[in-house]
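Fold and geometry: a report
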Amino acid sequence: MNRSKIITVVVIGLILVAVVAGFAFSLNHRSKVAAEADKQATAVQKVLMKDLERSYPPSPKEVVKYFAEITQCFYNEEYTDEELTQLAEKIQGIYDDELIANKSQEDYLNDLNSEIADMKKGKYTISSYALSSSTDVFYFTENGYSCARMYCTFNVKQGTNGTTASMEEFVLRKDEDGHWKIYGWELVQD
């Protein structure tokens, strides 16, 4: 091979190496930027990013987990009035239609605002929550509906005081789309 062909092959090889290295750098940089943006998203923004139309929680446990995440946002986080309205819409997205029908939207938002104000005034926060294990979800049929019953324990903290456990019993019902919706819940008394 003559010298000019060797030089051409070497130059083409160097160009290919530069293109591959540039592509790898670009991919690495994009993933770092995306990871950094995800780190900067607040808990409220992360909850609001969930698209219930595309990825509805697949089980009663996941529905109650999403409920708990939104509830933590209500009582623990700072947010705008618009974000509060969006959080309220998200949580109603996992409620059964009959539960939603019990109050007008205006009454629901007023009650929610009042409850949040009371919790924040008392310096209450939800430090953590614990869901029933999947094996502790009780499935049953009621009036032709598939239903589930499970528990979630919220650890509530007041200011700098210790935490108090508050156990809630949730009843969920499958809707016509096969989605588990919260039909109701109540505090479990000792």
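Throughout what follows, the structure given in this document is the object of discussion. All values derive from a computational prediction rather than experimental measurement. (Residues numbered from 1 in each chain as written. Predicted model: local features only at pLDDT ≥ 70, side-chain atom pairs only at ≥ 80, totals over all residues. Heavy atoms only, no water.)

Section: the overall build of the chain
Put simply, the rule reads: A run of H or I in DSSP becomes a helix once it reaches four residues, and a run of E becomes a strand once it reaches two; helices and strands are each numbered from the N terminus. A 1.4 Å probe rolled over the protein chains alone gives each residue an accessible area, and that area as a share of the maximum for its type sets the label: buried under 20%, exposed over 50%, partly exposed in between. Two residues form a contact once any of their heavy atoms are found within 4.5 Å.
Within the chain, the regular secondary structure consists of six helices and five strands. Overall, the chain shows an N-to-C arrangement of helices and strands of α-α-α-α-α-α-β-β-β-β-β. Taking all 190 residues of the chain together, 31% fall into the buried category. Contacts spanning at least 24 positions in sequence make up 55% of the contacts within the chain whose residues lie at least 6 apart.

Focus: the pattern of salt bridges
Oppositely charged side chains can pair when the atoms bearing their charge come close. Quick reminder of the rule: The term salt bridge refers to a side-chain nitrogen of Lys or Arg lying within 4 Å of a carboxyl oxygen of Asp or Glu.
Enumeration over the complete set of coordinates arrives at four salt bridges. A salt bridge links D96 to R173; its shortest N-O distance comes to 2.9 Å. Remark: R173 occurs in strand β4 (residues 163-174) and D96 occurs in the loop between α4 (81-92) and α5 (97-100); sequence separation between them is 77 residues. The exposure class of R173 is buried, given its relative accessible area of 8%.

With respect to the nonpolar core
For clarity, the threshold we go by: To form a nonpolar core, buried Ala, Val, Leu, Ile, Met, Phe, Trp, Tyr and Cys residues must be joined to one another through side-chain atoms within 4.5 Å.
Counting 35 residues, the largest nonpolar core has F74, L87, I94 and F170 as the members making the most contacts within it. Per-element accounting of this core gives the leading share, nine residues, to helix α3 (residues 60-76). Here I94 is in contact with L52, Y56, V63, Y66, F67, K181 and I182, once residues within four sequence places are set aside.

Remarks on the packing of aromatic side chains
Worth spelling out the cut-off: Working definition: a ring pair exists when centres of Phe, Tyr or Trp rings (six-membered ring for Trp) sit within 6.5 Å. Plane angles under 30 degrees give stacked, over 60 give edge-to-face, the rest tilted.
Applying the stated criterion to the full structure yields eight aromatic pairs. Here Y95 and W185 contribute two aromatic rings whose centre-to-centre distance is 5.7 Å and whose plane-to-plane angle is 40°, an arrangement assigned as tilted. With Y95 in the loop between α4 and α5 and W185 in strand β5 (residues 180-187), the pair connects residues that are 90 residues apart, well separated along the chain. According to the relative accessible area criterion, Y95 is buried, its value standing at 7%.

A short note on the pairing of β4
The side chains of a regular strand alternate between both faces of the sheet. Convention followed: Pairing between strands requires that DSSP locate at least two bridges from one strand to the other.
Direction of pairing for strand β3 (residues 145-158) relative to β4: antiparallel, over a ladder of eleven bridges. Looking at the pairing, R149 lines up with V171 of β4. The hairpin formed by β3 and β4 contains four residues between the paired strands, and G159 there has a positive phi angle of roughly 55°. As defined by bridge partners, β4 adjoins β5 across seven bridges and the pair is classed as antiparallel. Note that in β5 the partner of E169 across the bridge is E186.

As for helix α6 (residues 105-121)
Rules: Helix span is expected to be 1.5 Å times the residue number reduced by one. Note that the arc is computed from the directions linking the helix axis to the C-beta atoms.
Across its 17 residues, α6 extends 24 Å between first and last C-alpha, which sits within 8% of the 24 Å expected from 1.5 Å per residue. Looking at α6, one finds that the buried residues are Y108, L112 and I116. Buried residues in α6, looked at end-on, bunch into an arc of 60°, giving them a common side. In this structure, α6 carries E106, D118 and K121 as exposed residues pointing more than 90 degrees from its buried face.

What about α4?
For α4, with twelve residues, the first-to-last C-alpha span of 17 Å sits near the 16 Å given by 1.5 Å per residue. All of the buried residues in α4 are E83, L84, L87, A88, K90, I91 and Q92. On its buried face, α4 is in contact with α2 (43-49), α3, α5 and α6.

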